[in-house]
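Fold and contact review
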Amino acid sequence: MHQPNLDENASFEELFRQHFVSLCTIAVYVVDDKDAARDIVQDFFLTYWNRRHQITITHDFKSYAAKAVRYSSINYLKKSGRVKLEEIEVIEGLALHFTAEDGVSKELRYNALWETLNRMPEQRRRIFLMSNQEKIKYKDIALQLGISVNTVKTHIRLALQFLRVECKWMMAPVSLLLCCVQTVMLFLPSN
Amino acid sequence: MQLPPDNTGIDWDKILESLDEVKIPQDMTKEELSAMSAAREARALLTAEEFDESEAWQEFVVLREKSKHRRTRIIRLAIAAGLALALGAGLWIAVPRQQTIQVADALPAGKVRLKTSDGRIIELEKEAHTIQDNDIARVSTSGDSLVYNAGAARIAQIKMDTLETPRGKSFQLLLADGTKVWLNAASRLVFPAAFNGTLREVFLEGEGYFEVTHKTEQPFIVHTGNATTTVLGTSFNVSAYGASVVTTLSTGKIKVAAGQQALVLQPDEQSTFNGQDGSLQKKMVDTRDFLAWVKGDLYFDAVSLKSITESLSRYYDYDFIFDDAAIGQLRFTLDMRRPAMLQEVLTQLNTSRTDLRFRVNGRTITISKQS
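Residues numbered from 1 in each chain as written. Chains lettered and ligands numbered in written order. Predicted model: local features only at pLDDT ≥ 70, side-chain atom pairs only at ≥ 80, totals over all residues. Heavy atoms only, no water.

1. A look at the overall build of chain A
Counting secondary structure elements, chain A contains nine helices and zero strands. Written out in order from the N terminus, the α and β elements of chain A read α-α-α-α-α-α-α-α-α. Among the 191 residues that make up chain A, the fraction classed as buried is 49%. Carbon together with sulfur atoms contributes 53% to the accessible area of chain A, which is approximately 9400 Å² in total. (Helix = DSSP H or I, 4+ residues; strand = E, 2+ residues; numbered from the N terminus. Buried < 20%, exposed > 50% of the residue type's maximum accessible area, 1.4 Å probe, protein only. Areas by Shrake-Rupley, 256 points an atom, 1.4 Å probe, with all protein chains shown as cover.)

Laid out in structure tokens, this is it:
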């Protein structure tokens, strides 16, 4: 049972610094928007700080925070109106899996991801990062690099396939993932 | 470009589309969902690496400041709207231009000490044990109380022990004659380990509540400064923190004497000996005001904030400073179990006066009024 002494500003700051980035990862996973993710996580810490005397965390801070951030991220998606409800339900199912601790920490996954990316051809890695890190649309990547949209798509597809094969964690949790998704599917409107 | 064969059955176009358009295709197979999840995760991990926790922390500190001011306003509005009840937990102490909010949750630091007649000083800790066991008395403690049992010897020479409580801690004592004493915080009681004389005499500084065992032939006398309280068997409270001695009787009958003056108190009567002008007077009182501490309650009926904080500083080992003396004259009514932490009391005070600000700095609390 981890109950940090939050009245010490120092220990709250420590908590903040320790978990900020990994919580942002969860928020980005759901909302796919860097600025929104940052706001969601800041908001979580603000609420947590203001209620620190009423909140009793029965398990560890990490899983409590992950749940709270996942929940507000889904809420944000619902309010934003840019994603359909049935899509949100799929994301919710995936996010449940994403935040579940399955033994492979985000840090290890991150390291494995970069290790694999570094073994890709230069151009492929570059395109993959432009799409996934800089969030540049396929057609804009094509324009910038002077190649066709199809070539961009092919590079990204090959990158994803390579990651799937080389990066163990991308394959590992399928069974867990499936049971989460199936649960969610039950609530989808059948059309 | 030639694509390698893919036997996963995944429609990669769907995945690619979902990444570019932030759309989730609806009819995805399990394999496709898993591939999409992994792709989103890779994307989340890559995006999050741009987050800088130091930068974020600076941002957070600023946000927190802003939200604080907003919150105080919101609270005031809400109370005006009659939502005060729901807010019990939401009251905050606003501290302008100060990064850390300190909360009054420090527990008392001092220890209860017993000085025995043979010169030993014993700090009374949680664990129960026997302190002394000889022919004068057997003394044992259970952490928050002390029990004296008279020994076999009947020595005329009276050995005196001293029990001292620090600020923030009260203590119970069972004297050798069966008399019970609740010694309030920041008090001292000097008493014999065994009562072998013709009188039972104890000396009190601070505050104590006594339930005296009835013994007609051996009066019980509490000495407090220049005043004495003589009883045969009864229960009463003596408060002598400052220059005055306030004695409140709950049952029985007692005689209070100071210099040449003497008064007899009936139940629910209270005498006050004024140490400055030497006067001794009595009046009828609601004894609950004066005996609540014995039961572990905080009870103030329209009492000035100044007197309340005087009690609170003893119970919780905190000092109070008033920004403006007029604040000390505000009257409050408070009836609650005495909580372990002072902060809960401050929050209660805040519920009835939302314009009060309690600034905590270590063990000092500065009270100001919000303009």
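2. With respect to the nonpolar core
Most often, soluble globular proteins have nonpolar side chains that are buried together. Core analysis: the biggest nonpolar cluster contains 71 residues, and F45, F128 and L160 of chain A together with I15 of chain B have the highest contact counts within it. When residues of this core are assigned to their parent elements, the largest contribution, 12 residues, is made by helix α1 (residues 9–31) of chain A. Every residue in contact with F128 of chain A, bar those within four places of it in the chain, is listed here: L117, Q133, I156, A159, L160 and L163 of chain A together with A42 and L46 of chain B. (Core = buried A, V, L, I, M, F, W, Y, C linked by side-chain atoms within 4.5 Å. Contact = heavy atoms within 4.5 Å.)

3. A look at the interface of chain A and chain B
Contacts between the two partners involve 68 residues from chain A and, on the opposite side, 53 residues from chain B. Across the chain A/chain B interface, buried area totals approximately 6200 Å², and carbon plus sulfur atoms make up 64% of it. Looking at the side of chain A facing chain B, the largest losses of area belong to R17, R157 and R164 of chain A, adding up to 10% of the total buried there. Linking chain A to chain B there are four salt bridges. Connecting chain A to chain B are 19 residue pairs in polar contact (both at pLDDT 80 or more). Contributions of two or more residues to the side of chain A that touches chain B are made by α1, α2 (34–50), α4 (85–99), α5 (106–117), α6 (122–132), α8 (149–166) and α9 (174–185) of chain A. If you tally residues by element for the side of chain A that touches chain B, the top one is α1 of chain A, at 12 residues. (Buried area = accessible area lost by both parts, 1.4 Å probe. Salt bridge = Lys/Arg side-chain N within 4 Å of Asp/Glu carboxyl O. Polar contact = N/O pair within 3.5 Å; in protein donor to acceptor, adjacent residues only side chain to side chain.)

4. A short note on unusual backbone geometry
Comment: phi is negative for the bulk of residues other than glycine, and the bulk of peptide bonds are trans. Positioned with a positive phi, D32 of chain A is a non-glycine residue whose angle comes to about 55 degrees. Within the secondary structure, D32 of chain A sits in the loop between α1 and α2. The phi torsion at D268 of chain B lies on the positive side, around 70 degrees, for a residue other than glycine. Position of D268 of chain B relative to the elements: it lies in the loop between β16 (261–265) and β17 (269–273).

5. Focus: the pattern of salt bridges
This structure, assessed with the given rule, holds 26 salt bridges over all chains. Between R164 of chain A and E31 of chain B there is a salt bridge, and its shortest N-O distance comes to 3.1 Å. You can see R164 of chain A sitting in helix α8 and its partner E31 of chain B sitting in helix α2 (residues 30–48), one on each of two chains. The partner of K14 of chain B in a salt bridge is E32 of chain B, and the shortest N-O contact between them spans 2.9 Å. Taken together, the residues span a long stretch of sequence, with K14 of chain B in helix α1 (residues 12–21) and E32 of chain B in helix α2 at a distance of 18 residues.

6. What to know about the pairing of strand β10 (residues 200–211) of chain B
All names here are of chain B. Taken together, the four bridges between strand β8 (residues 180–183) and β10 define a ladder with antiparallel strand orientation. If you follow L183 over to β10, its bridge partner there is G208. Relative to β10, strand β9 (residues 187–192) is paired through three bridges, and the arrangement is antiparallel. Looking at the pairing, R188 lines up with E205 of β10. In terms of strand pairing, β10 meets strand β11 (residues 220–224) through four bridges, oriented parallel. In the strand pairing of β11, F203 is matched with H223. Direction of pairing for β10 relative to strand β13 (residues 235–240): antiparallel, over a ladder of six bridges. Bridging across to β13, G208 finds its partner in V238. (Pairing = 2+ DSSP bridges.)

7. Considering the pairing of strand β12 (residues 227–231) of chain B
All names here are of chain B. Counted residue by residue, β12 has four buried out of five residues, so it is predominantly covered. In this structure, β11 lies alongside β12, joined through five bridges in antiparallel fashion. The partner of F220 across the bridge, within β12, is V231. The hairpin formed by β11 and β12 contains two residues between the paired strands, and G225 there has a positive phi angle of roughly 55 degrees. One ladder, built from five bridges, connects β12 with strand β15 (residues 254–258); its direction is antiparallel. Bridging across to β15, T228 finds its partner in A257.

8. Looking at α8 of chain A
The end-to-end C-alpha distance of α8 of chain A, which contains 18 residues, comes to 26 Å, matching closely the 26 Å that a straight helix rising 1.5 Å per residue would cover. Within α8 of chain A the residues assigned to the buried category are V152, T154, H155, I156, R157, L158, A159, L160, Q161, L163 and R164 of chain A. Buried-residue contacts for α8 of chain A involve α5, α6 and α7 (138–145) of chain A together with α1 and α2 of chain B. (Expected span 1.5 Å × (residues − 1).)

Remember, this is a structural readout, not a statement about activity or role.
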